[in-house]
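# Architecture at a glance
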Amino acid sequence: MTNVFIISAPSGSGKSTLVNEIRQMVRNLSFSISYTTRKPRGSEQDGREYFFISREEFESMICKDEFLEYARVFETDYYGTAQRFLKKAKEEGKDLLLDIDVQGAEQIKSKLPDAVSIFILPPNRSELEQRLRGRSQDSETVIQRRLHEAGREIVNYEKYDYILVNDRLDESVKALEAILLSERLKRQGRTDAGLSATAEKYRLENVRQRLQPILQSFGKTAAGVK
Ligand code: ADP
Ligand code: 5GP
């Protein structure tokens, strides 16, 4: 059985960094390389971070029903997951990791309700701004748009099964590994007490209080916090 793991985060939270680490640590995990109409950034290569295609090519793939999900992100570009990655993961008996936005996560959850979703958050808005600047890949206009978009995206945290605040990278990597492995074991009817205990700390219902100051730094309030 193929387990599908969805990871979403406001841009700059450290999702790609975490995903790169976890791909080296967890066996039998395949990664879907998305298609996008945005231009490559920095050292990105076609077929490695993304398949960079034109809008015409993307729309042709939509018409041919080649996407498991797709969305317009930042109102500018299309991003989509090709169906063939899920098919291939199933054939190879591997789990599948998807790095997609909130809209894509919703589409996957409605098609594959057993998918496990994880939302990554930065410790606060100013740290997110520093990370976006530190990455030195985006123009000032793009950084401002991503910060604005982050404020809109984070309120969707309640739609996810697990919430991971990416403060210390080493802790976040361990947490993500525990979530993936404990969910994998659970679906095999097995359990590992240590892994489950770590993963449980990041379940939505167990992190609500911790999220309040983060949401406040973006000018938002946390729903469901007493
Ligand atoms: P995303 O994929 O979410 O857009 P990146 O993985 O590109 O974000 O990370 C954005 C920047 O933040 C990168 O320069 C990365 O090295 C840095 N970064 C990632 N995680 C952490 C962390 N836990 N602490 C400090 N910096 C981090
Ligand atoms: P970036 O341009 O920073 O690489 O990604 C921007 C956003 O697009 C991120 O939130 C990322 O998760 C999302 N994204 C990347 N690939 C896909 C995809 O295939 N589908 C959807 N819906 N979103 C994606």
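As a starting point, this report considers the structure included with it. Here the structure is a predicted model, which means the values were calculated and not measured. (Residues numbered from 1 in each chain as written. Chains lettered and ligands numbered in written order. Predicted model: local features only at pLDDT ≥ 70, side-chain atom pairs only at ≥ 80, totals over all residues. Heavy atoms only, no water.)

## Some thoughts on the sheet that holds strand 8 (residues 116-121)
Judged by pairing direction, the sheet is parallel, and its 5 strands sit side by side in the order 2-7-1-8-9 without closing on themselves. The open sheet terminates on both sides in strands that have one partner only, identified here as strand 2 (29-31) and strand 9 (162-165). This sheet shows a mean twist of 25 degrees between the axes of neighbouring strands, independent of strand direction. Here strand 1 (residues 4-8) runs beside strand 7 (residues 95-99); their pairing, made up of 4 bridges, is parallel. Paired with Phe5 across the two strands is Leu97, which belongs to strand 7. Against the sheet, helix 1 (residues 15-25) contacts strand 1, strand 2, strand 7 and strand 8, and its axis sits at roughly 165 degrees relative to strand 7. On top of the sheet, helix 3 (residues 83-92) reaches strand 1, strand 2 and strand 7; it is set at about 155 degrees to strand 7, its chief contact. (Pairing = 2+ DSSP bridges. Helix = DSSP H or I, 4+ residues; strand = E, 2+ residues; numbered from the N terminus. Axes fitted to C-alpha atoms, helices over the stretch in contact; angles between N-to-C directions. Contact = heavy atoms within 4.5 Å.)

## Re the sheet that holds strand 3 (residues 34-36)
What the 4 strands build is an open sheet, ordered 4-3-6-5; its pairing is mixed. In this open sheet, the two strands that pair with only one neighbour each are strand 4 (50-52) and strand 5 (67-73). Ignoring strand direction, the axes of neighbouring strands in this sheet form an average angle of 25 degrees. Across 3 bridges, strand 3 lies against strand 4 in parallel orientation. Considered in strand 4, the bridge of Ser34 is made with Tyr50.

## Description of the site of ligand 2
Around ligand 2 there are 19 residues in total, and Ser34, Arg38, Tyr50, Glu69 and Tyr79 lie nearest to it. In this structure, Arg41 approaches ligand 2 through a side-chain N or O atom, which is 3.3 Å from an oxygen atom. Here an oxygen atom of ligand 2 and a side-chain polar atom of Tyr79 are 2.5 Å apart. For ligand 2, whose accessible area on its own is 510 Å², the fraction buried by protein is 95%. Elements represented by at least two residues in the shell around ligand 2 include exactly strand 5 and strand 6 (77-82). (Near = heavy atom within 4 Å. Polar contact = N/O pair within 3.5 Å; in protein donor to acceptor, adjacent residues only side chain to side chain. Areas by Shrake-Rupley, 256 points an atom, 1.4 Å probe, with all protein chains shown as cover.)

## Focus on the environment of Ile120
With respect to the element layout, Ile120 can be found in strand 8. Separated by 79 residues in sequence, Ile120 and Arg41 have C-alpha atoms that sit 22 Å apart. Non-local contacts of Ile120, meaning those with residues more than four positions away in its chain, are made with Ile7, Ser8, Ala9, Pro10, Ser13, Lys15, Leu18, Leu164 and Asn166.

## Side note on the packing of aromatic side chains
This model, assessed by the stated rule, comprises 10 aromatic pairs. Where Tyr50 meets Tyr79, the ring centres are 5.7 Å apart and the plane angle is 65 degrees; that geometry is what we call edge-to-face. Note that Tyr50 is positioned in strand 4 and Tyr79 in strand 6, a separation of 29 residues in sequence. Among the residues examined, Tyr79 registers a relative accessible area of 13% and is labelled buried. Among the aromatic residues, those joined into a ring-pair cluster are Tyr35, Phe51, Phe58, Phe67, Tyr70 and Tyr78. Looking at Arg72, its charged tip hangs above the ring of Tyr78, at a distance of 5.7 Å from the centre. (Phe/Tyr/Trp six-rings, centres within 6.5 Å; stacked < 30°, edge-to-face > 60°. Buried < 20%, exposed > 50% of the residue type's maximum accessible area, 1.4 Å probe, protein only. Lys NZ or Arg CZ within 6 Å of the ring centre and 35° of its normal.)

## Side note on the layout of surface pockets
The space that makes up the largest pocket amounts to roughly 1000 Å³. Listed by contribution, the elements that provide at least two residues to the lining of the largest pocket are helix 1, strand 5, strand 6 and helix 6 (140-154). For the lining of the largest pocket, the element with the most residues is helix 1, which contributes 6 residues. Here the lining of the largest pocket is built from residues that sort into 13 nonpolar, 15 polar and 14 charged. (1 Å grid on protein atoms, 1.4 Å probe; cavity = no way out; pocket = protein on both sides within 12 Å on 5 of 7 lines; lining within 4 Å. Points joined across faces, edges and corners; volume = space filled by probe spheres on them. Nonpolar A, V, L, I, M, F, W, Y, C, P; charged D, E, K, R; others polar.)

Shape is all these values report; function is a separate question.
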